[in-house]
Structures are given as C-alpha cells and as structure tokens.
2 protein chains.
Amino acid sequence: QELDDSGEDHDFDYDLIVIGGGSGGISAAKKAADLGMKVALFDYVKPSPHGTSWGLGGTCVNVGCIPKKLMHTSALMGEHIQDARSYGWDVPENVEFSWETLRDNVADHIGSLNFGYRVQLGDHKVDYKNMFAKFVDEHTVEGTKFSKKGKVKKQEQSTARRFLIAVGGRPSAGSFPGADLCVSSDDIFQLDHNPGKVLCVGASYVSLECAGFMNGVGCDTTVMIRSIPLRGFDQQMAQMITCTMADHGVKFLQPAVPDEVVQTDDGRLQVTYTVDGQQQSDVFDTVMLAIGRQAITEPLNLEAAGVITDNKGKIPCVNEQTNVPHIYAVGDVVTGCPELTPVAIQAGKLLSARLFSKSTKMMNYENIATAVFTPVEYGSCGLSEEDAIDRYGFENIEVYHQFFKPLEYSLPHRGDNECYCKVIVDLQDDERILGIHLLSPNAGEAIQAYGLLLSKQCTKEDLDDLIGIHPTIAEEFTTMRITKSSGETPEKSGC
Amino acid sequence: QELDDSGEDHDFDYDLIVIGGGSGGISAAKKAADLGMKVALFDYVKPSPHGTSWGLGGTCVNVGCIPKKLMHTSALMGEHIQDARSYGWDVPENVEFSWETLRDNVADHIGSLNFGYRVQLGDHKVDYKNMFAKFVDEHTVEGTKFSKKGKVKKQEQSTARRFLIAVGGRPSAGSFPGADLCVSSDDIFQLDHNPGKVLCVGASYVSLECAGFMNGVGCDTTVMIRSIPLRGFDQQMAQMITCTMADHGVKFLQPAVPDEVVQTDDGRLQVTYTVDGQQQSDVFDTVMLAIGRQAITEPLNLEAAGVITDNKGKIPCVNEQTNVPHIYAVGDVVTGCPELTPVAIQAGKLLSARLFSKSTKMMNYENIATAVFTPVEYGSCGLSEEDAIDRYGFENIEVYHQFFKPLEYSLPHRGDNECYCKVIVDLQDDERILGIHLLSPNAGEAIQAYGLLLSKQCTKEDLDDLIGIHPTIAEEFTTMRITKSSGETPEKSGC
Ligand SMILES: Cc1cc2nc3c(=O)[nH]c(=O)nc-3n(C[C@H](O)[C@H](O)[C@H](O)COP(=O)(O)OP(=O)(O)OC[C@H]3O[C@@H](n4cnc5c(N)ncnc54)[C@H](O)[C@@H]3O)c2cc1C
Ligand SMILES: Cc1cc2nc3c(=O)[nH]c(=O)nc-3n(C[C@H](O)[C@H](O)[C@H](O)COP(=O)(O)OP(=O)(O)OC[C@H]3O[C@@H](n4cnc5c(N)ncnc54)[C@H](O)[C@@H]3O)c2cc1C
Ligand SMILES: NC(=O)c1ccc[n+]([C@@H]2O[C@H](COP(=O)([O-])OP(=O)(O)OC[C@H]3O[C@@H](n4cnc5c(N)ncnc54)[C@H](OP(=O)(O)O)[C@@H]3O)[C@@H](O)[C@H]2O)c1
Ligand SMILES: NC(=O)c1ccc[n+]([C@@H]2O[C@H](COP(=O)([O-])OP(=O)(O)OC[C@H]3O[C@@H](n4cnc5c(N)ncnc54)[C@H](OP(=O)(O)O)[C@@H]3O)[C@@H](O)[C@H]2O)c1
C-alpha cells in the first residue's frame, strides 16, 4: 500500500469518512471503528425515476441479493407445491399466488435488515449520516439532507484524514423512445401490482434471475437478448440456463433490441422491437430494463478531490487505493471488481485492517465462486471453458462433464438432462483444476466450498479422492469420469 | 497389499466372485470386469421377519439412502407447503397426505434403479446371479436359488481365484418380549399403511432420520433413547438435532428402553417401557426398532474358507484384505469401516483397480464427510469437539461457532437459533482445521466440498480467505469470528 500520510498533522473531524452504506462501505466502516478510528458513514438513496426508494444497506439488501433470492425462493416454492403431489401431498392443482403478499413480506424483511444495520453502526460507534455526500476538496465532503420531496433540508461539511468511496452503481437507463416507461430492478421488488405479462430486456444475470422468478410465480415472461446470454460466463452453461428457462416457460427473443415503447390507452406498454432484423411488436404489462449498471461517481464531484475515473465512471484502483493516496474505493464502483456483495465486504474489511492495524493482507480478486439464481441455479468458480482454452490452449486442457438427475427430481419425473456439471483441468499441470461449473438446484450451496479447489491448487485426483456424501448433488463432482475429448456421451445411465 | 497368488496355476470359473450386490460389491465387480476379469456377482435378499424383500442394489438403494432421502424430501415438501404461504402462495391450511402415494412412488423409483443395476452388470459383462452364496472351501462358493416361498429351487458351485465379501448388514432384532411385533427400517419404507402413531426405538441416525420424516408427514412420533443421541457424533450437534426435532413436534423418551410389546385387541401395539427408572406404557400403531445393524456373515460359512470375524461378526481387514490373502471384503461388513455408501463404492473400486491393474492407490478412511438427514440436516467432516479435545487437549484447540438464520427462514419466521455452524481448529498448528459441523437445511450439499479442508490441511485462515457466495448457507463458514473461549454469544445480531 502506498503511503497516504498527507494530512498527518491536521486536525480532521474523522479518521475515515465512508461514502456509501452498502456492502463495502458498512464493512469497512465497522472494521475501522472497531480498530479505534473515528468514522462517519454517509448513505443516501436517490429515488429511482419511478420514485422507488429504500433504507440503509445498499443494493444487496434493498434491491439486490436479498429481495432477489427471496423471490427466487418463492418461485421454487411454487415448483415444490407442484412436485409435492408426487411426494404424497394432496395439493390443489391451482394454487393462487399473491404478488402483494410476497412483496410486502419481502419489504418487511428488508425493513428489519435496514433497522439492523442502523443498530450495528451505532453499536460499532460509526457516525451514520443519512445524507448525500460530495467532495468539496480532497479532505472535505459536503453532506446534504433532503426532504421526502427532494428539497435540501440541511447541509454540512466534514473533514477526514482518509476517505472510502463505496457508492456502488445503479441500473443503466435505456436511450430508446419510451425507455422512461420501463422499470428497472430497482423498482421490480416493490412493484405495486403483479408484473403480469412482463418483458425483461437484457441478458445479464439480473435480467435472467428476475425473469426466472417472475415466470416462476406465474407471470407470462419474455426475455429480450441483444447478443448472447450471460456475457462473460461459460457459454455452454449460459446456453443451458436459457434452455432450461425456456423449458420452464420463459420466452426468448434473440437477437433482439427494443426500438420504442408506447403506453396504450388501457395503460399497458406496446413494445416495438427488432428481432433477427425484423421489426415486430407486442403488448406487455411491465417492461424491465436490465441492460447493465452504472457507477454513480458523477454526483460525487471527484474532480474537487482529484480522483480520476475510467470512461465508464468507475474508479481504477491498486489495492483499493485510488490515484489520490488517501482516498480509497471498494465494491461495485471499482474498475474490474467483480460486482458481488462478499467481494465488497471482504475488500472493505481487509482495507480497514491494513489502514488501521498491522495487517498486510491484500484482497485477492481471483477465482471467486459465484452463483446465478435462475430457476435451476448455476454455480461456478474459476475459468470458463472459453477462457481456459484462450489461456492454456485447446490441446492443453481437458473437460470432465456429466449430466445427472438429482434424487429430488425422480418422483415428480423432472427433466432428465437438466442438471449438469463440468470441471476444466490443465493437462500440463497434473490435471490441476482451472474451473468448476454446476447447473442444479442449490448450486450455490454445493459450489461454495469447491472454491477451495482453486485456491489450494487442487487437481482432478483430489476431487476423485474426495468421498461423496450420498445422496447429494455436490457428490457428483467426486465421481466424474467422462471427458469431452473422449466423445463419450455425458448423459447418465442408471446411477 | 499382501500377495495372494494362491491358486495362480488353477483353472477357476472366475477371476473374482463378489458376494453381495450392494454399493461395494457392484462397484468392485464393474471395475474388475472393466479391467478384463471374468467376474460373477451373487446377490440375494433374505426377506425381513415381516416378509419385506427387494431387488438388486443392496441396502442403500432399497432400504437405505434412497427411500430415506425421498421420504425426507417429502417431509421437507410438507414444510415448504406451509412456508409457501408467506411467499405469496395461497395453499390451504390442511393438505392431506397419502402415505400410499409416497410409498408407491418411492417403490417405483427403486424398481427403476434395480432394473438399472441389472442392465449395468450386463453391460459390464458381470455374471449376475440372484442367489444366496456361501463358502464350500476357500476357492468355492455354493449358490442357492430360492422360490418366492423360500424353497430351494437350484444349487450350483462356482470357483474363483479371488473373492470379495460385500454382504453388508441388516437391522438388529430386539430381545424383549414382543420384539417380533416391531418392524425395522427394512420394513418401514414399504409399510402397507401410514405408520400412524409411531415409536422409534434407538438413537442412531437411522432412528432419528426415520422419526424425522414420519413426523414431517404427519405421524405422531416418539423416539426412545437408551442413553445419548447419535453416539459417536459431536454431542453438542446431536443435542441440537434432538432439540430441533422436539421443536418440530417429535417426542423423546430418555433415558428409556422397551420392556415389552403386546398386541391389543384392535391390532395396535401396547408398549411397556422404563423411562428414568419408572415403568410406563403407551399404545402405538407402529413400533420401529433401529437399535443397530448386524453384519450378515454368519450364513456365509466363513469357517470353510478360514476367514475370521470379530466378536460382532464383522471382518477385520487390512486394506480390504481379510486374513485369507485371496479373500477381500468391503463396505459395512468390514470392522471399523464407516457405514456409508460412497465409502463402500470407493473402497470397492480402488480394490479392484489394485488387484487387476497397476494401481497402488489405497482407500483412505479418514476425514470422510457425512450428513444426517434429520428435519434440519446435519453435515460434518473430521473430528467432533469431544474427539478433538481427547486427541489434542482442551487448551490446544479452539472452536469457532455461530448461530445463523438462513434467508429462506425469514419470511415464514422460522426458528432464530435453529441453524448453527462450528469449526474446530488446532491452536498448535496454525489453526489447522480438525472438524467442521453444520446444522441447517441442505447441510449435505453445503458441507460436501468442505471435506477438502481436511484433506488439504487447510487452516482457519484459508476459510477466512474464501469469498462467500451470497446469499447461501455455505458462506457462513467464510466469516466466522466468535470463539468459544471468548465466551461471546454465538447468536447472530443483524446480518
Ligand atoms: C438485482 C441484483 C441482484 C444481485 N444479486 C446478487 C447476489 O445474489 N449476490 C451477490 O453477491 N451480489 C449480487 N448483486 C450485486 C451486489 O448487490 C453488489 O455487488 C453490492 O451491493 C455492491 O456493494 P457496494 O458496497 O459496492 O455498493 P452498494 O451496495 O450499491 O451500496 C452503495 C450505497 O451508496 C449509496 N450512495 C451512492 N452515492 C452516494 C453519495 N454520493 N452519498 C451517499 N450515499 C451514496 C447508495 O445509495 C447505496 O446505498 C446483485 C445486484 C443486483 C442489482
Ligand atoms: C435406513 C438407512 C439409511 C441409510 N442412509 C444412508 C445415507 O443417507 N448415506 C449413506 O452414505 N449411507 C446410508 N446408509 C448406509 C448404506 O446403505 C450402507 O453403508 C451401504 O449400503 C453398504 O454397502 P455394502 O455394499 O457394504 O452392503 P449392502 O448395500 O448392504 O449390500 C449387501 C448385499 O449383499 C446381499 N447379501 C448378503 N448376504 C448375501 C449372501 N450370502 N449371498 C448373496 N447376497 C448376499 C444383501 O442382501 C445385499 O443386497 C443407510 C443405511 C440404512 C439402513
Ligand atoms: N447472483 C449474483 O451473484 C448476481 C446477480 C445479479 C447481479 N450481480 C452483479 O451485478 C452486476 C451487474 O449486472 P448486470 O447484469 O446489470 O450488467 P452486465 O453484466 O453489464 O450486463 C448487461 C446486459 O445488458 C445488455 N445490454 C446492454 N445494453 C443494452 C441495450 N442498449 N439494449 C439491450 N441490451 C443491452 C448486455 O448485452 P450484450 O451482452 O449484448 O452487451 C448484457 O446482457 C453483474 O456484473 C454482477 O457482478 C450478481
Ligand atoms: N445419513 C447417513 O449417511 C446414514 C444414515 C443412516 C445410517 N447410516 C449408516 O448405518 C450405520 C448403522 O446405523 P444404526 O443407527 O442402525 O446403528 P448404530 O450406529 O450402531 O446405533 C445403534 C443405536 O441403537 C441403540 N441401541 C442398541 N441396542 C439397543 C437396545 N437393546 N435397546 C435400545 N436401544 C439400543 C444404541 O444406543 P446406545 O447409544 O445407548 O448404545 C444406538 O442409539 C451407521 O453407523 C451409519 O454409518 C448412514
């Protein structure tokens, strides 16, 4: 870490000011305060263009991981209700679903989390300021309190020896006519009515996850993909995810982009779009744009502090340090940082430990396990097959793979080849594992600890030596035998 | 491996005869045949005293892991149906449960597995003999075919250069008056009627798992524990399991043993038992004994081959080799072998590889991950806290632990301190991990890959460096901070 002793001899209000009360900001603030520092944390949520707003905790808690996983769980419950019949439960064929009940219960839970974060900040002696912050100079921020109606209620300036920028991002807006009629993921979890017939524009995991749960709770759901699904992810897995979603009833328009959205007389949305070069049109109740996210650095007045951003507005960092030595950044706002809550949390925690104690531990952004919570979940860690080929050469890697049917699927006779696992190894290095991929229920649970395979430089033999827990999905990785190069079918016969 | 070349110059019918078509036998037989050996496999299921019988595949497939996990899944479905209401699904308060539907669907699935195993043995060119086998001399077995009514239909002798004993075990019978009126786990999965008000005698995982799913599908369930629950498992975890089961409605009698069972006039079972020194009595519809399992070596006429057994009828082995060099054993029948399907499979596979190819790889019985599928599942790997203290000394270990509430529990407001994880480390060796324990839904999935922690000699720091997948249960292990020695409460505040 470069020395940032500028201001050693000044008398600042705080040792650290954190801008942003999301995953990264809160974790860094708590850690710094625990280490005896005087810390302030500014968090302010600008309402979405549709007026949606929320409390302390950032994206994950309010409009990300938490509501998303809860609504995903609701969709899974819907499947279980149907499957339950084959397990002996005499559930009626048609069970009504209430969007309002789900939404309100999710909101209540989030409310309790918001409250929990407030209490935590108090317990850790962090000064929480529910204010919008921007830089005045490189050691000063101005905090603004707004009324519910957006009027300035109060302004104050605070100084600090060090700053942490953890402002995260917000959904990108579309630029086509009528884009303002569309909601974003910021709005979907609080939508005042059932989304009904819904179009999700974008092929990122935000789009696919939201499409997955809306379809699961009974919405007539279409996804519009501009190019490929889940850019950046293993493409075989991405294709399988969309195929599975299609089997579950989601419609796909690909390659397609929206041209225009117009409100109809009865308040619905007429979407004109170009699919495969042809212009077409359809009417939806809800259109959700999930076409990427934008770091919200612009309002920060970073120029006043001399902090530079990249062409996407993100902040390039070296070990979480910006170009201004006493100003740091963590989380979604950092150039190249995987946009994941545990990443922001860990980076924030480690940074505060380095800054305010003797720790020298750096954040390692490599080989981070992740999950996509589509109807059948996708868990992975390490390289995609494409990236492995790119980096190591086609002839130097091998892929072990296998379809399988989780035991839970047997009684309801669910899809035979819906679940799949694959492991990519480096042939030149003792079959060292480069990537591990799983498409199955609970893939997030099953893949988590396999992250150790990569950090501990494990080989395929280590996997073979691991004794399974039977009957589980996670045990599939302990008995993989079929290689892609063999041309043998990875479809499972018997068990 | 000791040399077993006795009989090199003989002309035997087979290179290998396998006795027992369960997890271990089938895996060894397929592997040996794949390596070019001429292999026969004998499998015969002696009907239970209540007349229950089944097909090829052994305990796991027919009366173990598979029906158990499916019935556990049914119980979980029952919970999900209730929870679904908080997730927006308007499920009726009372959903009828049909034991017959569940049992028949489970039986159908098992039937398809039995068929699959037959096909597999054919594909692998293993001679499958649906016969009871016993030794005639050290290179000869006699196979007997029985009619449905138990009459001898056919007998034949076969010789082989090597033998593998993989006969597994069967439930122990009780010795109290009326024990013959009780069923065992061999019968429960095929019971012709709903178990109704049921008593499970024994505190092993067979007993607790069966009690768990019967309670889950609505049976009035009582467990009778002679001494402690889950002997051999971490006792803090075992206590938590029974507490959780009690919260879910299971009743416990402890310390208690049955004295007598008598059939009442209306065909129910009057059980007299001594609990805490007091004799009491109650009437049940079903009494299941799960008081341990017995290796079924007695009918094998092992004396004819010179194979010795221990005082429990199990076969002491060194690297799966019995005292007779050309006779081997794997699975539940082996002294000290963890009674788990993947263990039997791996031991069988590795043994055949060593015997019939150049492999020298030995089976490692240490640090095997396992799960108990009670209503809230328990997954563990490595040492229990007791064993860690025994081996390393109280002052040389530390325990990290934490209660947590899975996100799925939040909307239905399920138990706050129902889920718990703990990690035991060796303070003298860089906090190397000695044991890892998890009580939660999907604990089997989450714990599987953490088995790598032990085989790769990982430390607590490796766990801290692992980045979580949010929101999952498995991520709980990546952020553990509270030690038992600190006296701090492991109850989670906020999130
Ligand atoms: C729909 C969706 C689903 C997701 N699901 C997952 C998932 O399952 N798992 C996962 O790991 N990640 C998921 N993510 C990503 C995860 O939410 C983010 O990576 C994480 O929240 C980033 O944390 P952060 O601290 O960088 O920023 P944020 O959590 O975004 O927090 C930034 C905070 O700063 C505030 N702020 C911004 N500017 C200012 C200012 N000038 N003054 C004061 N306050 C300001 C913001 O309002 C916000 O509260 C998901 C994201 C989305 C959108
Ligand atoms: C209720 C229950 C639940 C279980 N749940 C799990 C679980 O979830 N996970 C797990 O890993 N393990 C579980 N187990 C344990 C697992 O089933 C056993 O460890 C495994 O089946 C042992 O395999 P094996 O090959 O040693 O013997 P077995 O599978 O018992 O196979 C032995 C076979 O040999 C046959 N046989 C016996 N004697 C002869 C003879 N003389 N001639 C011909 N054939 C003969 C038997 O009939 C049987 O078919 C469970 C066990 C029970 C009872
Ligand atoms: N489970 C989890 O852990 C989880 C879940 C959700 C989000 N997250 C995090 O949140 C981050 C943000 O995700 P994101 O999905 O919003 O962004 P993203 O990954 O940048 O994806 C943007 C998507 O929108 C499409 N798109 C962009 N502009 C478009 C336009 N004008 N018209 C149509 N389509 C357009 C892109 O298509 P092209 O491919 O054609 O460019 C792409 O599919 C992720 O990177 C991730 O780290 C994590
Ligand atoms: N999930 C899984 O992986 C799984 C599930 C089930 C089984 N299995 C395997 O199968 C094996 C067999 O399990 P098991 O549970 O049948 O046997 P076990 O582990 O030997 O347990 C026997 C139980 O019965 C009790 N008991 C014995 N005799 C009794 C008597 N006369 N009266 C009352 N209680 C008596 C014992 O109590 P005391 O403690 O007082 O002696 C003990 O609780 C296990 O060891 C395991 O390896 C695995």
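These figures come from a predicted structure and were not determined experimentally.

Reading the values: the criteria
Residues numbered from 1 in each chain as written. Chains lettered and ligands numbered in written order. Predicted model: local features only at pLDDT ≥ 70, side-chain atom pairs only at ≥ 80, totals over all residues. Heavy atoms only, no water. Contact = heavy atoms within 4.5 Å. Buried area = accessible area lost by both parts, 1.4 Å probe. Salt bridge = Lys/Arg side-chain N within 4 Å of Asp/Glu carboxyl O. Polar contact = N/O pair within 3.5 Å; in protein donor to acceptor, adjacent residues only side chain to side chain. Helix = DSSP H or I, 4+ residues; strand = E, 2+ residues; numbered from the N terminus. Nonpolar A, V, L, I, M, F, W, Y, C, P; charged D, E, K, R; others polar. Least-squares fit on C-alpha atoms with pLDDT ≥ 70 in both. Near = heavy atom within 4 Å. Disulfide = S-S within 2.5 Å. Buried < 20%, exposed > 50% of the residue type's maximum accessible area, 1.4 Å probe, protein only.

(A) The interface of chain A and chain B, seen in detail. The partner chain B presents 83 residues to the 83 residues of chain A that form the contact. Together, the buried faces of chain A and chain B total about 7,000 Å²; carbon and sulfur atoms form 69% of this surface. Three residues, Trp89(A), Glu445(A) and Ile467(A), lead the burial of chain A against chain B; their summed loss comes to 11% of the area buried on that side. Summed over the shared surface of chain A and chain B, the result is six salt bridges. Of the charged contacts, one joins Glu461(B) and Lys361(A) as a salt bridge, the two residues approaching to 2.4 Å between their closest N and O atoms. Taken together, the connections running from chain A to chain B amount to 30 residue pairs in polar contact (both at pLDDT 80 or more). Elements that contribute at least two residues to the side of chain A that touches chain B include exactly helix H3 (65-83), helix H4 (99-123), helix H8 (341-356), strand E18 (370-372), helix H10 (443-448), helix H11 (451-455) and helix H12 (460-465) of chain A. Counting residues per element, the side of chain A that touches chain B draws most heavily on H3(A), which supplies 11 residues. By residue class, the composition of the side of chain A that touches chain B is 41 nonpolar, 27 polar and 15 charged.

(B) Fine view of the relation of the copies chain A and chain B. If you rotate chain A by 180 degrees and push it 0.0 Å along the axis, it lands on chain B with an RMSD of 0.0 Å. Both copies are brought into coincidence by an operation consistent with a two-fold rotation axis. A symmetric contact is evident, with 100% of the interface residues of chain A recurring at the interface of chain B.

(C) Looking closely at the site of ligand 2. As a structural note, the neighbourhood of ligand 2 is formed by 37 residues, with His470(A), Asp43(B), Thr59(B), Lys68(B) and Asp332(B) the closest of them. Among the chains of the assembly, those with residues near ligand 2 are chains A and B. The backbone of Gly24(B) places a nitrogen or oxygen atom 2.8 Å from an oxygen atom of ligand 2. With respect to ligand 2, the backbone of Cys60(B) contributes an N or O atom lying 3.4 Å from an oxygen atom. Those elements that place two or more of their residues in the shell around ligand 2 are helix H1 (23-34), helix H2 (58-63), helix H3 (65-83), strand E4 (132-137) and helix H8 (341-356) of chain B. The element that contributes the greatest number of residues to the shell around ligand 2 is H2(B), accounting for four residues. Of the residues contributing to the shell around ligand 2, the split by class is 20 nonpolar, 12 polar and five charged.

(D) Spatial organisation of the state of the cysteines. Residue and element names in this part refer to chain B. Considering all chains together, one arrives at zero disulfides over all chains under this definition. Cys 337 carries a free sulfur, and the closest cysteine sulfur to it, the one in Cys 317, is 9.1 Å from it. Given the relative accessible area of 6%, Cys 337 is considered buried.

(E) A look at unusual backbone geometry. In this structure, the amide linkage connecting Gln254(A) to the following residue, Pro255(A), adopts the cis form with an omega of -10 degrees. Mapped onto the elements, Pro255(A) comes out in the loop between strand E11 (251-253) and strand E12 (256-263). Residue Pro471(B) follows His470(B) across a cis peptide bond; omega there is -5 degrees. Looking at where Pro471(B) falls in the secondary structure, it is placed in the segment after helix H13 (460-465). Located in the positive-phi region is Asp276(B), a residue other than glycine, with phi close to 55 degrees. On the basis of relative accessibility, which here comes to 58%, the residue Asp276(B) falls in the exposed class. You will see that Asn442(B), though not glycine, has its phi angle at about 55 degrees, which is positive. In this fold, Asn442(B) is placed in the loop between strand E22 (432-440) and helix H11 (443-448).

(F) Structural context of the site of ligand 1. Ligand 1 sits among 37 residues. The nearest are Gly24(A), Asp43(A), Thr59(A), Lys68(A) and Asp332(A). Neighbouring residues of ligand 1 are not confined to one chain but are distributed across chains A and B. Between ligand 1 and Gly24(A) there is a distance of 2.8 Å, counted from an oxygen atom to a backbone nitrogen or oxygen. Cys65(A) is positioned with one of its backbone polar atoms (N or O) 3.5 Å from a nitrogen atom of ligand 1. Breaking the shell around ligand 1 down by element, the ones donating at least two residues are helix H1 (23-34), helix H2 (58-63), H3, strand E4 (132-137) and H8 of chain A. Among the elements that line the shell around ligand 1, the one with the most residues is H2(A), at four residues.

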